[in-house]
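An overview of the molecular structure
Listed below are the residues making up each chain.
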Amino acid sequence: MSNDSGLLLQNCTALASDGVSSFICLSDNEWKVVADSVTIIIATSLLAGLILAVTRNRLWFGGKFFIAILGFVSDPLYAWMSQCTLLVLQIPYNNEFYLAWIVLFFIQFGTFYSLLGYVSEDGKDKRKEVKFREKLNFSSNINVLWVLLFIPTKHEFLIPFFVLWALSILKIGERFWSFDASDRMYGTANTKLISLYMETECEENQVYDPSTMRGYKYLVHGEEDIEVRPSNYVARVNVTNATTIDEVWNCQGNLLHNAGDVSDLLKDTCLSFSLFKLLKRRMQGYPTAESREPKTRALILELLSKGEERVFRVIKSELGFLSDLMHARQPVVFVKKGKKTSRPVKLSIDMKRAVCRYMKNLFEDPNPTLTNGSSTLLKHGMGEVLGWACGIGPQKHEHTHVDTIFTWHVATTFCQMELESRKDQKNTDFESCKNVAVTLSNYCAFLFVLEPELVPIDACTNEKIFNKILDETREFFADCDKSKRYQHMVDGDISENTIIKNGVSLGRQLIAEIKNDVQRWKLLEEFWAELIVFLAPSKNHNIHEQKLAQGGQFITFIWVLLYHAGSVKRPSKKAAHDEIPPV
């Protein structure tokens, strides 16, 4: 290369933009500043991405700012790194350390994708997403190879660079192979076969006993050995290799045969894993063959009869398996570790008990139907008096799910304020009922405001509705400070038909009609347990899947229980608000 050519390379760099060549003339020091700045920005962005990927299941991760950072590191930064590779090819400030940074950046980018997890959001095909990501990583490593081959580099630096590049390529292959192998054994690859198998299982196992798991040949392991007969396309399982839940329950080995906490825990873990395989079908849109079988509901009833702690332990582990499948890099990890949800969901034993008690009573009915609290009112003989607040009875009017939630939320708050206003109140017989009622009331309001996709409410209009409720509340309390709000609720004008005034009216009725505090709070506890179960059914399984990545929601537990119980559905709006049915 001549001196003139060298001088030209040192002062002018040709960069192509939209097919038009332009020349940027910078000194060596200026090029050094540019290169160092770009290196620092990329390194900082990758570090931020890695930290967010590791902590993506924390509660604070849901903030738009953090999601925006992760989105920048996932997509635009990769394109920027590719452009930086082209820049290094042409800058006159030739330094082997920049080549090392390029190699390390692309390797770190692959690590970032691994930590982020092969996540398929919004119902995307996970296997396609994995292939796309690894193709992207592979193409980025081709860029690195191009840099190593065509940029003059000292010999002592070239070998370590090629070693790093080769390790990166091998890591891509290892990630894809391990994911593919684990997905075929434990992931979503065999979900269709499981769906076909369950059709056969329902037909062949009509005699059942959930206490011993007799007749429950739900797969724990071995779906890869399912055989489909070409003649009639009926799925059959190779019983010599597969493990089913009835075999686990009746195993004579030391670990599972002996009675005790360890044996029960191991059996429940196997049950969770088996139920998780069935739940995968729902996530991928396959039919649930066993949904109308009596033994399906009998299994959930058996679980509920064993106590609320066991029910939630089984479902929590099942959701942990699902979370790992959808949000971890390799499904095989959860099989080895039995990992549960990343962030524990803190639920009081009383709240679990109240919900499980209601669901047990619901599933004992031969034809269970979800109701919006009206069944509790009928049970306590208050259907005609308070039924209007659930859209039933002689005083009913046009009623929506939002009306039900917030009318009863205001009424529950009013009853709580009335209790706190009595300084001589020392009766604690209803304390647990009160705590459950208030907690579930607040939780239902929380779902409407912050998680409307999880409940049967139009998420597009909920903000307008909430703002309207806030405006009505501000207007109602416009002339009184916080210390006088309760008294205003006691004697204020409630003639206008608004949610806040309807809620105050309902609260007054509750106190006037049910004089006994224990009975009143018992009714409210049972009402809210019924209503949260009523709100739980959802066709939007993607939102439950996404919330698992952030720690999960209590309503997801109920949604899963209803799914496994079979054909228990929420009636249409008209049916839900019909006249009072006969008791």
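Within each chain, residue numbers correspond to sequence positions counted from 1 in written order. Per-residue local features are limited, in this predicted model, to residues with pLDDT of at least 70; the limit for side-chain atom pairs, both in listing and counting, is 80 or more; totals at the level of whole chains, interfaces and linings are taken over all residues. The side-chain values count all of the structure's non-hydrogen atoms but skip hydrogen atoms and water molecules.

Working definition: helices are DSSP H or I runs of at least four residues, strands are E runs of at least two. Numbering for both runs from the N terminus. Regarding its fold elements, the protein presents 26 helices and six strands. Classification of the 583 residues of the protein by burial places 50% in the buried group. Looking at the protein alone, contacts between residues at least 24 apart form 74% of all its contacts between residues at least 6 apart. When the accessible surface of the protein is split by element, carbon and sulfur atoms take 56% of a total near 28,500 Å². Burial here depends on accessible area, computed with a 1.4 Å probe over protein chains only, as a share of the maximum for the residue type. Under 20% is buried, over 50% is exposed, and the range in between is partly exposed. In what follows, a contact means two residues having at least one pair of non-hydrogen atoms within 4.5 Å. Using the Shrake-Rupley algorithm and a 1.4 Å probe, accessible areas are obtained, with residue cover drawn only from the displayed protein chains.

Take the pattern of salt bridges next. Salt bridge, as applied in this entry: a Lys or Arg side-chain nitrogen positioned within 4 Å of an Asp or Glu carboxyl oxygen. One pass over the structure, following the stated rule, counts 16 salt bridges. Linking Arg 474 and Asp 471 is a salt bridge whose minimum nitrogen-to-oxygen distance equals 3.2 Å. Highlighted residues: Arg 474 and Asp 471, both in helix α20 (residues 462-476), separated by three residues, approximately one helical turn. A relative accessible area of 45% means that Asp 471 is categorised as partly exposed. Linking Lys 501 and Glu 496 is a salt bridge whose minimum nitrogen-to-oxygen distance equals 3.3 Å. A residue is classified by how much of its surface remains accessible, and Lys 501, at 12% relative accessible area, is buried. Given the relative accessible area of 43%, Glu 496 is considered partly exposed. Through salt bridges that share partners, Lys 379, Lys 522, Glu 525 and Glu 526 make up one connected network.

Take empty space enclosed by the protein next. Detection works on a 1 Å grid of protein atoms alone, calling trapped sets that fit a 1.4 Å probe cavities and calling open sets with protein on both sides within 12 Å along at least five of seven lines pockets, with lining residues defined by an atom within 4 Å of a point. Grid points are joined across faces, edges and corners, and a volume is the space filled by probe spheres set on the points. All chains considered together, the criterion is met by three cavities of 30 Å³ or more. In this model, the second largest cavity occupies a volume close to 60 Å³. Lining the second largest cavity are Tyr 218, Leu 275, Leu 278, Arg 281, Thr 288, Glu 290, Thr 296, Leu 299, Ile 300, Tyr 563 and His 564. Every element with two or more residues in the lining of the second largest cavity is listed here: α11 (261-284), α12 (294-305) and α25 (554-565).

In plain words, nonpolar cores are sets of buried Ala, Val, Leu, Ile, Met, Phe, Trp, Tyr and Cys residues tied together by side-chain atoms within 4.5 Å. By size, the foremost hydrophobic cluster in this structure holds 109 residues, and its most contacted members are Met 359, Trp 408, Leu 510 and Val 533. Broken down by element, the residue count for this core peaks at 11 residues, all from helix α23 (residues 517-535). Sequence-distant contacts of Val 533, defined by excluding residues within four places in its chain, comprise Val 355, Tyr 358, Met 359, Leu 362, Leu 370, Ile 558 and Leu 562. Core analysis: the next-biggest nonpolar cluster, separate from the first, contains 16 residues, Leu 46, Val 103, Leu 148 and Phe 161 among them.

Structurally, His 541 can be placed in helix α24 (residues 541-548). Note on His 541: relative accessible area 13%, which makes it buried. With residues up to four places along the chain from it excluded, the contact list for His 541 reads Arg 282, Met 283 and Trp 559.

Despite not being glycine, Met 213 has its phi angle at roughly 65°, a positive value. Turning to its location among the elements, Met 213 is positioned in the loop between α8 (191-204) and β3 (219-221). According to the relative accessible area criterion, Met 213 is buried, its value standing at 3%.

Right, let's talk about a nonpolar patch on the surface for a bit. Here, patches come from residues exposed beyond 30% relative accessible area and free of salt bridges, joined within 9 Å for like charges and within 5 Å for nonpolar side chains (Val, Leu, Ile, Met, Phe, Trp, Tyr). On the surface, a cluster of nonpolar side chains totalling about 400 Å² of accessible area is made up of Ile 159, Val 163, Leu 167 and Leu 170. You can see Ile 159 is positioned in helix α7 (residues 155-186).

Turning our attention to the packing of helix α18 (residues 401-421) against helix α22 (residues 499-513). Packing of α18 against α22 brings their axes to within 7 Å, and their N-to-C directions diverge by 50°. Viewed along their axes, α18 and α22 adopt a mutual orientation that is oblique. Every pair of crossing elements has a handedness; the one defined by α18 and α22 is right-handed. Residue-level inspection shows Val 402, Asp 403, Phe 406, Thr 407, Trp 408, Val 410, Ala 411, Phe 414, Cys 415 and Glu 418 of α18 in contact with α22, the latter providing Ile 499, Ile 500, Asn 502, Gly 503, Val 504, Leu 506, Gly 507, Arg 508, Leu 510 and Ile 511. When residues are sorted by character, Ala, Val, Leu, Ile, Met, Phe, Trp, Tyr, Cys and Pro go into the nonpolar class, Asp, Glu, Lys and Arg into the charged class, and all the rest, Gly among them, into the polar class. Among the residues making up the contact of α18 with α22, the classes are represented as 13 nonpolar, four polar and three charged. Lines fitted to C-alpha atoms define the axes here, with helix axes fitted over just the stretch in contact, and angles between the N-to-C directions of these axes take values from 0 to 180 degrees. Angles below 35 degrees are treated as roughly parallel, those above 145 as roughly antiparallel, those between 65 and 115 as roughly perpendicular, and all remaining angles as oblique. In this scheme the handedness of a crossing depends on how the near helix is turned from the far one: anticlockwise by less than a right angle means left-handed, clockwise means right-handed.

Assignment of secondary structure puts Tyr 286 in the loop between α11 and α12. Judged by its relative accessible area of 28%, Tyr 286 falls in the partly exposed class. Between the alpha carbons of Tyr 286 and Ser 195 there is a distance of 6.6 Å; along the sequence they are 91 residues apart. Other than its neighbours up to four places away in sequence, Tyr 286 contacts Thr 191, Lys 192, Ser 195 and Arg 281.

This brings us to the packing of α20 against α22. When two helices pack together, their arrangement is captured by the angle between the axes and the distance separating the axes. Two elements in contact, α20 and α22, have axes separated by 8 Å at closest approach and are oriented at 65°. Within the contact between the two elements, α20 uses Ile 469, Glu 472, Thr 473 and Phe 476 and α22 uses Ile 499, Ile 500, Lys 501 and Val 504. Residues belonging to the contact of α20 with α22 are distributed by class as follows: five nonpolar, one polar and two charged.

Relative to the 21 Å expected for 15 residues at 1.5 Å per residue, α22 spans 21 Å between its end C-alpha atoms, a close match to the ideal helical length. Most of α22 sits out of view: 11 of its 15 residues are buried. Looking at the buried side of α22, the elements it contacts are α17 (383-386), α18, α20, α21 (485-491) and α23. The span one expects for a helix is its residue count, reduced by one, times 1.5 Å.

Here the focus is helix α19 (residues 431-450). Three or four residues apart is the spacing at which side chains of an α-helix point the same way, because the helix has 3.6 residues per turn. Here α19 is 20 residues long and its end C-alpha atoms lie 28 Å apart, about the 28 Å a rise of 1.5 Å per residue gives. If you check which residues of α19 are buried, you get Cys 433, Lys 434, Val 436, Ala 437, Val 438, Leu 440, Ser 441, Tyr 443, Cys 444, Ala 445, Leu 447 and Phe 448. Residues of α19 that are buried make contact with α15 (349-364), α18, α20, α23 and α25.

Turning to the packing of aromatic side chains, a few remarks are in order. Each Phe, Tyr or Trp ring, with Trp reduced to its six-membered ring, pairs with another whose centre is within 6.5 Å; inter-plane angles below 30 degrees give stacked pairs, above 60 give edge-to-face pairs, and intermediate values give tilted ones. Counted under the stated rule, the structure contains 15 aromatic pairs. Taken together, Phe 312, Tyr 443, Phe 446, Phe 554 and Phe 557 form an aromatic cluster joined through their ring pairs. Here, a charge over a ring is recorded when the distance from Lys NZ or Arg CZ to the ring centre is within 6 Å and its angle to the ring normal is within 35 degrees. The ring of Tyr 216 carries the charged tip of Lys 295 above its face, separated from the ring centre by 5.3 Å. Just above the ring of Phe 477 sits the side chain of Arg 485; from NZ or CZ to the centre is 5.6 Å.

Positionally, Thr 407 belongs in helix α18. Each C-alpha atom, one on Thr 407 and one on Ser 505, is 9.0 Å from the other, the two residues being 98 residues apart in sequence. When residues no more than four places from it in sequence are discounted, the contact partners of Thr 407 are Trp 388, Ala 389, Ile 499, Asn 502, Gly 503 and Leu 506. A polar contact is formed between the side chain of Thr 407 and the backbone oxygen of Asp 403, at a distance of 2.6 Å. A 3.5 Å cut-off defines polar contacts: any pair of N or O atoms within that distance qualifies, except that in protein one atom must be a possible hydrogen donor and the other a possible acceptor, and neighbouring residues in sequence count only when both atoms are side-chain atoms.

Confidence scores here are pLDDT values: one per residue, from the predictor, ranging 0 to 100. For the protein, the mean per-residue pLDDT works out to 75, and 68% of the residues sit at or above 70. When the criterion is pLDDT under 50, residues 1-23 qualifies, and its contacts beyond four places in sequence or with other chains add up to 28 contacts. Low pLDDT, under 50, characterises residues 119-123; the stretch is placed with 15 contacts to residues that sit more than four places away or in other chains.

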